[in-house]
Amino acid sequence: MKKSIALLFCTVCLFANSFSQTNDAKMKTFIDALMKKMTLDEKIGQLNLPGSGDIVTGQASNSDIGKKIKEGKVGGLFNIKGVDKISAVQKIAVGESRLKIPLIFGMDVIHGYETVFPIPLGLSCSWDMDLIKKSASIAAHEASADGICWTFSPMVDIARDPRWGRIAEGSGEDPYLGSQIAKAMVQGYQGDHFSKNYNIMACVKHYALYGAAEGGRDYNTTDMSHLRMFNEYLPPYKAAVDAGVGSVMASFNEVDGVPATANKFLLTDVLRKQWGFKGFVVTDYTGINEMVAHGIGDLQTVAARALMAGIDMDMVGESFLTTLKKSLQKGKVTEQQIDFACRKILEAKYKLGLFENPYKYCEEQRAKTEIFTDANLKAARDVAAQTFVLLKNDNAVLPLKKSGTIALIGPLADNKENMPGTWSVAADFSKAVSVIQGLKNVAPDVNILYAKGSNLSSDSLFDVRAGMFGKSFKWDSRSAQQMIDEALEVANKSDVIVAALGESAEMSGESSSRSMINIPDAQEDLLKALVKTGKPVVLVLFTGRPLTLKWEQENVPAILNVWFGGTEAGNAIADVLFGDVNPSGKLTTTFPQNVGQIPLYYNHKNTGRPLEGKWFQKFRSNYLDVSNDPVYPFGFGLSYTTFNYSDIKLSDTLLKGNKTLTASVQLTNTGTRKGKEVVQLYIRDVVGSITRPVKELKGFQKIELNPGETKTISFKITPDDLKFYNADLKYDWEPGEFIIMIGGNSRDVKSASVNWVK
Ligand code: BGC
């Protein structure tokens, strides 16, 4: 829609100036004038974000939603795809509602739009902030070309329980890395400001502590000390706020006995007052209504509590729409709070430039030419290859030769639908590249023999639950033995076996918790049969969470963890398998030996009886039946080359006050290929007024070295890096001894000690 036509529909835009010329005062004047004209119902209407239903272009005006929009009862809509549909509903808002206030359009653009990037847990394993920022920026560019101006991302929930399916949507277990990624994602989506046409407004979620659900069961209770909350779980949300995120989504879980959606401490005391958040807060999907089941009141009560706690927009449940007026009459909420929330929504629309041009994101030409472009696909392929983690590579099985015969086996080998991974709302699955296609593209001279080998699991009902949203695996009715026999026949004709196994895309993500986190049984049986052949086996492992891989680590020669790599997964996997790209991903979550060890994370406390030396020791903190070690520690990942770390050199061993310490190592590429290494800095605060973790990530650098090349890698450390929230929740550092550690993962580090006095 052309701007001139847009203006006809928008009388309020006469008051608006372009955001770039304006400032807060101008925005305030504009919104004051608009709000003066608004009735209470219209104000409450702005707080309503209903489910979009099935909006059919041409009939939008007569739909239920259309009616509500005309009545000024809708502030925005989400997960509608396509400029035609979006402009049709926007036209109702700015053409047929009394005050012609434009709608805001959101979507779960979580890891790409139509061009899908790896799932966020995979992206985090790149440890490359520029790359992550670029993926978010491409996602914003595509989404903004298709009518979307608001994304429900980044998801920054710290997760230390791999049973929780939504661990796939975040950046793992570490608050420092999680904070860096939160910032990079917000900057990627919003650019220098989300008022620009190619940028969209981000929404950090799920505030707060959603990743700490008891037992890893989704939506479950969380309960933790404020010390843990502030030191370990809140930092990434704060980092997003500091980076200027435009909106925040409240989480489903309770915190301190009050659901986050009605939690004044979280939403007002911390978010608004301590952190100075200026944007708006939206609930999660029916988050207010669910507080009835949480048991804190009837719908009217919980809606009033949500508003008074600091919620500005109600997603799907329409509880604000149906109860706030009554609550105001009864004195349960204040007009001031309704005004505050309404103002926040209008400010976001103003900043997005929607008052000036409600069709700003609806240029058909952009939708035709700027989505799923060759350049974006290339970027998706490059990014995906950086997220794969090489877990094992005995006898240099990898990289593979681009000749000979490969047996490609497994239910994920010839499957497009599952490549994008969970939450790929805008994707066309048929356009994703499967492993078999990728192998053929990259190594056309290789003879590829394919067999499915097994179903996803041995239970057809499980396979249905694990294959929702158009990602189903066709159930193969042959017996497990018949399928394995076919696979072995193929395997026996090959030089090397590539087994594409693991989870389906929907085995992680929302409401996809698992009590066992192994490779599903049917595939495990298949893998064991393949290993038994004695041929070299490469496990290409698909997963949205850490899995228990003890047997695999002990028995399979090579393991490449590829998460869910997005649209270009198959090509990127082939790039790495054949050595066109040297893998450099490093884990951002600990991989436990078994479920009983969970939670298992690198930055734990020491306890009064730590296990020192070998397992087992009576009266020490350990188990009778399993050691405390993970299969793979946080930060771990191999390469086709090898790296050597020298001892640490410190610029000083006694520091005073605000000095800067430089800690450096010499890093040498001791192998025969060019490769990238993520050099990680950890610090331990040996004695504190409260107990401190055994180590905490405080810095990292991704370095590329040629074979034989050595570089000095230096980290600058200041007292800011030593700060933590103490028992009074004061953020400060304490003098004493600090152990500085540098290495290629959280377990294998060099260390040196300094004393730092105030
Ligand atoms: C999820 C959110 C998502 C929302 C909107 C909810 O079920 O928890 O992460 O943004 O739906 O689709």
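All values reported here derive from a predicted model rather than from experimental measurement. (Residues numbered from 1 in each chain as written. Predicted model: local features only at pLDDT ≥ 70, side-chain atom pairs only at ≥ 80, totals over all residues. Heavy atoms only, no water.)

1. Details of helix 18 (residues 435-442)
- Of all the positions in helix 18, only Val-435, Ile-436, Gly-438, Leu-439 and Val-442 are classed as buried. Angular distribution of buried residues about the axis of helix 18 spans 160 degrees; they occupy a single face of the element. (Buried < 20%, exposed > 50% of the residue type's maximum accessible area, 1.4 Å probe, protein only. Helix = DSSP H or I, 4+ residues; strand = E, 2+ residues; numbered from the N terminus. Arc of directions from axis to C-beta.)

2. Section: the domain arrangement of the chain
- Here the chain is partitioned into domain 1 (381-578) and domain 2 (643-757).
- Computed from C-alpha coordinates alone, the two centres of domain 1 and domain 2 are separated by 37 Å. (Domains from an automatic or database assignment.)

3. Details of the pattern of salt bridges
- Scanning the entire structure with this criterion turns up 41 salt bridges.
- For Lys-238, the salt bridge identified is with Asp-242, shortest N-O distance 3.0 Å. One end of the pair is Lys-238 and the other is Asp-242, both in helix 10 (residues 235-242) and four residues apart, which spans about a single turn.
- Under the relative-accessibility criterion, Lys-238 is labelled partly exposed at 27%.
- The exposed category is assigned to Asp-242, whose relative accessible area is 53%.
- One salt-bridge network, in which partners are shared between bridges, spans Lys-28, Asp-32 and Arg-343. (Salt bridge = Lys/Arg side-chain N within 4 Å of Asp/Glu carboxyl O.)

4. Details of the site of the ligand
- Residues in contact with the ligand amount to 14 residues; listed here are only the nearest, Asp-108, Arg-166, Lys-205, His-206 and Asp-284.
- Here an oxygen atom of the ligand and a side-chain polar atom of Arg-166 are 2.7 Å apart.
- A distance of 2.8 Å is found between an oxygen atom of the ligand and a side-chain nitrogen or oxygen belonging to Lys-205.
- When the ligand is considered free in solution it has 310 Å² of accessible area, and contact with the protein chains removes 94% of it. (Near = heavy atom within 4 Å. Polar contact = N/O pair within 3.5 Å; in protein donor to acceptor, adjacent residues only side chain to side chain. Areas by Shrake-Rupley, 256 points an atom, 1.4 Å probe, with all protein chains shown as cover.)

5. Considerations on the packing of helix 8 (residues 175-190) against helix 10
- Put simply, helix 8 and helix 10 touch, their axes get as near as 8 Å, and they point 30 degrees apart. Considering the angle they form, helix 8 stands roughly parallel to helix 10. Relative to helix 10, the crossing made by helix 8 is right-handed. Taken together, the residues of helix 10 that come into contact with helix 8 (itself represented by Pro-175, Gly-178, Ser-179, Ala-182 and Val-186) are Pro-235, Pro-236, Ala-239 and Ala-240.
- Grouping the amino acids of the contact of helix 8 with helix 10 by side-chain chemistry returns seven nonpolar, two polar and no charged. (Axes fitted to C-alpha atoms, helices over the stretch in contact; angles between N-to-C directions. Parallel < 35°, antiparallel > 145°, perpendicular 65-115°, else oblique. Left-handed = near helix turned anticlockwise from the far one by under 90°. Contact = heavy atoms within 4.5 Å. Nonpolar A, V, L, I, M, F, W, Y, C, P; charged D, E, K, R; others polar.)

6. Things to note about the environment of Lys-656
- The topology assignment puts Lys-656 in strand 19 (residues 654-656).
- A C-alpha to C-alpha distance of 40 Å links Lys-656 and Lys-134, two positions 522 residues apart in sequence.
- Setting aside residues no more than four positions away along its own chain, Lys-656 makes contact with Trp-756, Val-757 and Lys-758.

7. Focus on the environment of Val-425
- As for its placement among the helices and strands, Val-425 is situated in the loop between strand 12 (405-409) and helix 18.
- In this structure, the C-alpha to C-alpha distance between Val-425 and Thr-283, residues 142 residues apart in sequence, is 19 Å.
- With sequence-adjacent residues up to four places away left out, Val-425 is seen in contact with Asn-79, Met-107 and Asp-108.

8. Concerning unusual backbone geometry
- Look at the link from Lys-205 to His-206: it is a cis peptide, with omega at -10 degrees.
- Tracing the sequence through the fold places His-206 in strand 5 (residues 203-207).
- Trp-615 connects to Phe-616 through a cis peptide bond whose omega is 5 degrees.
- Tracing the sequence through the fold places Phe-616 in the loop between helix 23 (569-577) and strand 17 (643-645).
- Despite not being glycine, Leu-209 shows a phi value in the positive range, around 70 degrees.

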